[in-house]
Amino acid sequence: MIRIAESYGKALFDLDISPRIIAECKALLEDNPALAEALSSPAVANREKHRIIDRLFPDEIKNFAKVLCDNGRMGDIRLVEKVYEDCRLEEKNILQAELIYAKKLDPTRVEALKQALKKKYKKAGVKLTVRRDPSLAGGFILRVGDEEYDRSAKGRLTGLYRKLAWR
Amino acid sequence: MSNIRPEEVISVLRNEILNYEDKTAVAEIGTVIQAGDGIATVYGLTRAMYGELVTFETGVEGIVQSLESKTAGVVLLGSDHGIVEGSRVTRSGKKAGVPVGEAMIGRVVNALGEPIDGRGPIQTSETRPIENPAPGVVERKSVTVPMATGILAIDSMFPIGRGQRELIIGDRQTGKTSIAVDTILNQKGGDVICIYVAIGQKASTVAQLVNTLQKYDAMDYTVVVSASASDLAPLQYIAPYAGTAMAEYFMYKGRDVLIVYDDLSKHAVAYRAMSLLLKRPPGREAYPGDVFYLHSRLLERSSRLDDEHGGGSITALPIIETLAGDVSAYIPTNVISITDGQIFLESELFFSGVRPAVNVGLSVSRVGGAAQTKALKKASGNLRIDLAQYREMEVFTQFSSDLDASTKELLDYGDRLIEMLKQPLSRPMSLHDQVISLVAATNKLMLSVPVREIKRFQREMLDYMEEKHGELVEKIEKEKVLTDEMIQEIVAGVKEYKESLELTPEAGVPLEKK
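Just so it is clear, the model here is predicted, and its values are computed rather than measured. (Residues numbered from 1 in each chain as written. Chains lettered and ligands numbered in written order. Predicted model: local features only at pLDDT ≥ 70, side-chain atom pairs only at ≥ 80, totals over all residues. Heavy atoms only, no water.)

Caption draft 1: The overall build of chain A, seen in detail. What chain A contains, in helices and strands, is eight helices and four strands. Moving toward the C terminus, one meets the helices and strands of chain A in the order α-α-α-α-α-α-β-α-β-β-β-α. Relative to its length of 167 residues, chain A is extended, with a C-alpha radius of gyration of 21 Å against a globular reference of 15 Å. Projecting the C-alpha coordinates of chain A onto the three principal axes gives extents of approximately 60 × 40 × 30 Å. Burial status across chain A gives 35% buried among its 167 residues. Pairs at least 24 apart in sequence give 65% of the contacts found in chain A among residues at least 6 apart. Of the accessible surface of chain A, which amounts to about 10,400 Å², a share of 54% is contributed by carbon and sulfur atoms. (Helix = DSSP H or I, 4+ residues; strand = E, 2+ residues; numbered from the N terminus. Rg over C-alpha atoms; globule rule 2.2 N^0.38 Å. Buried < 20%, exposed > 50% of the residue type's maximum accessible area, 1.4 Å probe, protein only. Contact = heavy atoms within 4.5 Å. Areas by Shrake-Rupley, 256 points an atom, 1.4 Å probe, with all protein chains shown as cover.)

Caption draft 2: Fine view of the nonpolar core. Core analysis: the biggest nonpolar cluster contains 75 residues, and Ile184, Leu213, Val435, Met461, Leu482 and Ile490 of chain B have the highest contact counts within it. If we ignore the near neighbours within four places in the chain, the residues touching leucine 482 of chain B are Ala375, Lys378, Ala379, Val435, Val439, Ile487 and Ile490 of chain B. (Core = buried A, V, L, I, M, F, W, Y, C linked by side-chain atoms within 4.5 Å.)

Caption draft 3: A look at the pairing of strand E4 (residues 147-150) of chain A. Of the strand pairs in this sheet, strand E3 (residues 140-144) of chain A and E4 of chain A are connected by four bridges, and their pairing is antiparallel. Bridging across to E4 of chain A, arginine 143 of chain A finds its partner in glutamate 148 of chain A. Where E4 of chain A meets strand E1 (residues 27-36) of chain B, two bridges bridge the pair, whose relative direction is antiparallel. Paired with glutamate 147 of chain A across the bridge in E1 of chain B is glutamate 28 of chain B. (Pairing = 2+ DSSP bridges.)

Caption draft 4: Structural context of the domain arrangement of chain A. In terms of domains, chain A is made up of domain 1 (2-88) and domain 2 (93-166). On a C-alpha basis, the centres of domain 1 of chain A and domain 2 of chain A stand 32 Å from each other. (Domains from an automatic or database assignment.)

Caption draft 5: Representation of the confidence of the model for chain B. Looking at chain B, pLDDT values average 91 and 96% of them are 70 or higher. Both scores are available for the predicted complex, with the pTM at 0.84 and the ipTM at 0.70. (pLDDT = per-residue confidence, 0-100.)

Caption draft 6: Expanded view of the interface of chain A and chain B. Facing the 17 residues of chain A at the interface are 29 residues of chain B. Taken together, both faces of the contact between chain A and chain B bury some 2,200 Å²; the carbon and sulfur share is 50%. Summed over the shared surface of chain A and chain B, the number is three salt bridges. A salt bridge links glutamate 147 of chain A to arginine 47 of chain B; its shortest N-O distance comes to 2.8 Å. (Buried area = accessible area lost by both parts, 1.4 Å probe. Salt bridge = Lys/Arg side-chain N within 4 Å of Asp/Glu carboxyl O.)

Caption draft 7: Spotlight on the environment of lysine 374 of chain B. All names here are of chain B. Relative to the helices and strands, lysine 374 is located in helix H10 (residues 374-380). By relative accessible area, lysine 374 is classed as exposed at 57%. With near-sequence residues (within four places) excluded, lysine 374 lies in contact with Lys480 and Val481.

Caption draft 8: Spatial organisation of unusual backbone geometry. Residues and elements named next belong to chain B. Backbone torsion omega between aspartate 262 and aspartate 263 reads -10°, so that peptide bond is classified as cis. Secondary-structure assignment places aspartate 263 in the loop between strand E13 (256-262) and helix H6 (264-277). That bond from arginine 355 to proline 356 is cis: its omega, 10°, falls within 30 degrees of zero. Its place among the elements puts proline 356 in the loop between helix H9 (347-351) and strand E16 (364-365).

Caption draft 9: Highlighting the packing of helix H2 (residues 19-31) of chain A against helix H6 (residues 77-91) of chain A. Residues and elements named next belong to chain A. Here H2 crosses H6 at 155°, and the two axes come no closer than 12 Å. Of the possible angle classes, the one that applies to H2 and H6 is roughly antiparallel. Considering the relative orientation of H2 and H6, their crossing is left-handed. For the pair H2 and H6, the contacting residues are Pro19, Ile22, Lys26, Leu29 and Glu30 in the first and Ile77, Arg78, Glu81, Tyr84 and Arg88 in the second. (Axes fitted to C-alpha atoms, helices over the stretch in contact; angles between N-to-C directions. Parallel < 35°, antiparallel > 145°, perpendicular 65-115°, else oblique. Left-handed = near helix turned anticlockwise from the far one by under 90°.)

Caption draft 10: Structural detail: the pairing of strand E1 (residues 94-101) of chain A. Residues and elements named next belong to chain A. Where E1 and strand E2 (residues 125-132) come together, eight bridges link them in parallel fashion. Paired with isoleucine 94 across the strands is glycine 125, a residue of E2. In terms of handedness, the path from E1 via helix H7 (residues 107-121) over to E2 forms a crossover that is right-handed. Note that E1 and E3 share five bridges and pair antiparallel. Within the sheet, the bridge partner assigned to isoleucine 100 lies in E3 and is isoleucine 141. (Right-handed = clockwise from strand over helix to strand, strands pointing away.)

Caption draft 11: How the structure looks around the pattern of salt bridges. Here the structure, examined in full by the defined rule, presents 38 salt bridges over all chains. Here glutamate 28 of chain B makes a salt bridge to arginine 91 of chain B, at a shortest N to O gap of 3.1 Å. Highlighted residues: glutamate 28 of chain B in strand E1 and arginine 91 of chain B in strand E6 (residues 88-95), separated in sequence by 63 residues. We classify glutamate 28 of chain B as buried; its relative accessible area is 17%. What you see here is one network of salt bridges that share partners, running through Glu98, Arg131, Arg143 and Glu148 of chain A together with Glu57 and Arg88 of chain B.

Caption draft 12: Looking closely at the packing of helix H15 (residues 470-479) of chain B against helix H16 (residues 484-503) of chain B. All names here are of chain B. With their axes 11 Å apart at the nearest point, H15 and H16 run at an angle of 140° to one another. Judged by the angle between their axes, H15 and H16 are oblique. Considering the relative orientation of H15 and H16, their crossing is left-handed. Contact residues: H15 offers Leu472, Lys475 and Ile476, while H16 offers Met486, Glu489 and Ile490.

Caption draft 13: Quick look at the packing of aromatic side chains. Counted by the stated rule, this structure contains nine aromatic pairs over all chains. Residues tyrosine 8 of chain A and phenylalanine 64 of chain A carry aromatic rings whose centres are separated by 6.4 Å and whose planes lie at 75° to one another, so their mutual orientation is edge-to-face. Of the two residues, tyrosine 8 of chain A is situated in helix H1 (residues 2-14) and phenylalanine 64 of chain A in helix H5 (residues 59-70); the sequence distance between them amounts to 56 residues. Residue classification places tyrosine 8 of chain A among the buried positions, given a relative accessible area of 16%. Residue classification places phenylalanine 64 of chain A among the buried positions, given a relative accessible area of 11%. An aromatic cluster is present here, built from Tyr237, Tyr241 and Tyr271 of chain B joined pairwise through their rings. Positioned above the aromatic ring of tyrosine 287 of chain B, the side-chain terminus of arginine 272 of chain B is 4.5 Å from the ring centre. (Phe/Tyr/Trp six-rings, centres within 6.5 Å; stacked < 30°, edge-to-face > 60°. Lys NZ or Arg CZ within 6 Å of the ring centre and 35° of its normal.)

Shown next, in the form of structure tokens:
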């Protein structure tokens, strides 16, 4: 699944379409779930799908959307979009990171964190998605690509449990 | 059975909690994108190594078995319950390994080294990777020290040396495991550590085996590694390697180890199951292309090291089950070409009462006399040739009344030899018993004993020799050589015993008039 999405995402990136148009399409599909469903449904004929695309989508992206529909990959559009985002950020040398916090967020510390990451990974900028997860019970988890810094209370407790319950 | 007191448990826990070090390190993670059939495909883990241990969110571990550009195929070493798409997988940074050490002796463990005998955790300080390169050519020494099995048929004709790999091959229910177990029992009082690896066996069979070993106090020097039939294919796959890793710990410390793989046919089947699920292309009989390498790298690790490297050794007794006696099938031929000889057990012989059902013609030990006790070598003399001649003449037993005297004698002699080579289960014979029996037989002293009384005669004769000729017996055990005078002494002793029987026929075996 993810390998296919990668091919399409990269292809979309190579098409060099303006990000504004991509964002427009994304909004179009998100605001109209019926549309997304229709385009990914095998019950709707390809001809029909093409007509819909011609009417609703901006010109530059029409062909791409049609190819996606013809190959039945419209269902993976979110993954495709994600891969496209990844390519775009990589091109701009921006690091993607995810911060999951437990209780509350201190904006100055978050800024300091971003600077530290920028320095460590030698990138021009950091795009930090922030999410709250009360089940962590304290601390935070920071994920950068393959690496994870687990500083949450839940993580520490799990570690302690594993150590005691070992064998 | 457990001798751990509650206070001890609490104090251990308290210690662990107080000394808990918060490891503030970076974890490298991946995400599961597909899981099922004991295999998980993980996205990420870009720096994972082949054969590395990884841990899933549920605590289950896995080994990386295939690396692609963005994904890795991981075989699960536990249940896939709770592992869903999106689960996180953490690298451990180390190759899959098992705990090893003196503490493993006497325990029954699974393929991961975890105890399954209910006697509490095993305290070891060392772990060894399950995959380890075999000792090189320069580190080895040739096999010269005998590994006594206690089984007369084997020790006399197919002697096994320390550091040798001898395959035990035969159909189902022909006594393969029994030979291995008897060899383990015979190591009592010696300095050999035994490891029994059960692959794909029924749990009840393993339990029975452990009982037998406990009964004869063999668990004092044995480790049992069990990956039973209900264990996952990856666990059955790694079990022999784990056992070998434990053996290597002792070998590199200069000890001698005996390791039994029971059996490698099931090991190959488990590997096949795992490979097919990893989408590796099937080859002959659906086995993956590297099934030879699977066994060769395992068995090459059994060797004898030279004095510079400690002089330890691992003797391997792999077991292979054939179907309908077909030794030219794929897996049997592979393993035969890897090992230094085989002991071939036949169903026909087994059912006709010859147990151990060793086919003398097809069995061989490629190390042979170089690793045989001098005394036994001299005593067994031409045993194999005599039996070969007997087998050639055997077809004439139907016409026994019409044969000339020398042929008749040959047949009588052969019958008695075969009868004497039979041995009951769990009764390993000591060196002196073997030597005396062989000397008595090869000097044709048993010809006047009726065939069906041979075993009884042998037992009583050995008892007599121990009682009346104790110093000779001790001399054999101590010096392990057989001089011509000693042979004469034995012959005289046996003749003495036979005379005593003639004088008091009710007391022992009635001898025939010959």
